[in-house]
Protein chains: 2
Amino acid sequence: MEKLVDEDLPETVDAETRVQGSGDHHAELRLWLRMLTCTNLIECEIRSLLRTRFDVTLPRFDLMAQLERAPDGMTLGDLSRRMMVSAGNVTGLVERLVQDGLVERRPAPGDRRSALVSLTDSGRASFETMAAAHADWVADLFAGLDAGDIDALMGLLAKAKASARVAAEGAPHVSTQATLAKKDTADG
Amino acid sequence: MEKLVDEDLPETVDAETRVQGSGDHHAELRLWLRMLTCTNLIECEIRSLLRTRFDVTLPRFDLMAQLERAPDGMTLGDLSRRMMVSAGNVTGLVERLVQDGLVERRPAPGDRRSALVSLTDSGRASFETMAAAHADWVADLFAGLDAGDIDALMGLLAKAKASARVAAEGAPHVSTQATLAKKDTADG
DNA sequence: CCGAATTATTTTAAGTTTAAAATATCTCCA
DNA sequence: TGGAGATATTTTAAACTTAAAATAATTCGG
């Protein structure tokens with residue numbers, strides 16, 4: 001998480017200095033820092049609430065949230081892609097959740113490389129309780145926004161997401177066969 | 001970082017089910033997930049670019065970004081608050097940056113508990129190069145947004161931030177003297 | 001069918017991160 | 001002025017996270 005704050009940046013910029021590759025990027029930079037502080041603020045609060053109320057970490061909650069939507073289980077690779085974290089990360093997370101009895105893994109039928117991961121009954125029950133509280137917290141955190149604000153944000157964030165995807169795909173900094181070949185693994 | 005994706009949630013909700021504390025929070029939840037994926041996407045790209053182009057990690061870059069704006073140095077506590085991370089985290093990060101010769105620490109005049117941290121000349125030079133590239137990357141990532149979009153997002157995110165702060169302050173889950181007493185450490 | 005390339009996962013090493021306890025210092029008021 | 005409480009930082013243990021290398025299994029063209 002990039003932890004900068006979005007205050008105190010100069011407002012005025014000399015239009016003359018807009019030169020290719022070294023120009024006036026203040027607006028975008030300020031936007032990025034504000035997005036970051038906003039997300040951080042909410043995430044910290046949710047993390048803290050999950051810990052104090054349910055003694056669970058945010059990554060574990062997130063993983064369980066993915067599994068809840070896949071009653072028949074998902075592979076570790078699916079989890080890694082959906083959660084946007086490394087495969088090795090998922091391995092460890094699942095391992096700990098299995099030890100806690102919240103998650104189970106079984107070999108994937110038809111592919112001996114893969115394992116299917118799913119919630120146990122205990123894990124599902126536990127998650128449902130937490131998810132309800134989580135939804136309430138998020139609603140509280142956004143209580144200062146009206147329906148119009150939310151709609152507008154949804155639209156603008158979709159646009160920002162699309163923009164970022166294009167930029168990231170368009171100028172891949174490490175060209176691999178995978179990067180060039182597959183365009184279908186991302187989530188939207 | 002909460003790693004959920006913002007797809008596949010039901011669009012339609014029964015208005016009758018809006019009950020206190022267990023109601024219709026889909027819009028807010030969807031907004032939160034979208035904010036998260038959007039931020040994640042951009043952050044991953046920046047992290048990756050920092051690593052491949054400059055062999056630096058995001059937390060180190062963030063810490064140096066804070067220091068650059070404080071030519072006279074900041075305390076570890078300042079860094080912790082501005083970066084929104086724990087104090088212990090900052091201790092380790094500074095330690096490693098000092099070892100790399102990018103940052104220096106000296107005792108704070110007038111308070112023997114504190115240390116002032118600042119960029120070395122080498123650190124400053126290094127950061128300036130990276131910061132210029134970073135600004136370009138962010139501009140590229142947001143290239144699909146026009147000035148109006150950016151303005152609108154800035155306003156809506158400010159509103160969201162304010163809302164979240166009120167909610168987090170208003171219903172503190174762990175009441176400490178500090179929580180109740182000071183309202184001035186956050187960044188705005 | 002063979003083998004090269006791809007895919008799924010684990011392992012490894014290093015770094016990041018947190019919460020909580022421990023230290024050390026400072027403030028301030030009774 | 002003495003000491004209680006607050007503040008600044010470090011330490012600790014555990015968890016999270018990544019990138020890269022290593023394993024293992026699959027796919028697919030020839």
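Please refer to the structure higher up on the page.
Residues numbered from 1 in each chain as written. Chains lettered and ligands numbered in written order. Predicted model: local features only at pLDDT ≥ 70, side-chain atom pairs only at ≥ 80, totals over all residues. Heavy atoms only, no water.

Caption draft 1: How the structure looks around the overall build of chain A. Broken down by element type, chain A carries seven helices and three strands. Each helix and strand of chain A, placed in order from N terminus to C terminus, yields the pattern α-α-β-α-α-β-β-α-α-α. Looking at the 188 residues of chain A, the share that counts as buried comes to 46%. When contacts within chain A are restricted to residue pairs at least 6 apart in sequence, long-range pairs at least 24 apart make up 51% of them. (Helix = DSSP H or I, 4+ residues; strand = E, 2+ residues; numbered from the N terminus. Buried < 20%, exposed > 50% of the residue type's maximum accessible area, 1.4 Å probe, protein only. Contact = heavy atoms within 4.5 Å.)

Caption draft 2: Broad picture of the protein's contact with DNA strand C. As a structural note, the neighbourhood of DNA strand C is formed by 25 residues, with G77, T91 and R113 of chain A together with T57 and R96 of chain B the closest of them. Of all atoms in DNA strand C that approach within 4 Å of the protein, 80% are sugar or phosphate atoms. Here R113 of chain A contributes a side-chain N or O atom positioned 2.5 Å from a base oxygen of DNA strand C. Elements supplying a minimum of two residues to the surface near DNA strand C: α3 (76-83) and α4 (87-99) of chain A together with α2 (58-68) and α4 (87-99) of chain B. (Near = heavy atom within 4 Å. Polar contact = N/O pair within 3.5 Å; in protein donor to acceptor, adjacent residues only side chain to side chain.)

Caption draft 3: Region of interest: the pairing of strand β3 (residues 115-119) of chain B. Residue and element names in this part refer to chain B. The buried fraction of β3 is high, at five of five residues. Of the two faces of β3, the one carrying A115, V117 and L119 and the one carrying L116 and S118 are both buried. As paired elements, strand β1 (residues 74-75) and β3 share two bridges and run antiparallel to each other. Bridge pairing in β3 links T75 to L116. (Pairing = 2+ DSSP bridges.)

Honestly, it's all geometry; don't read function into it.
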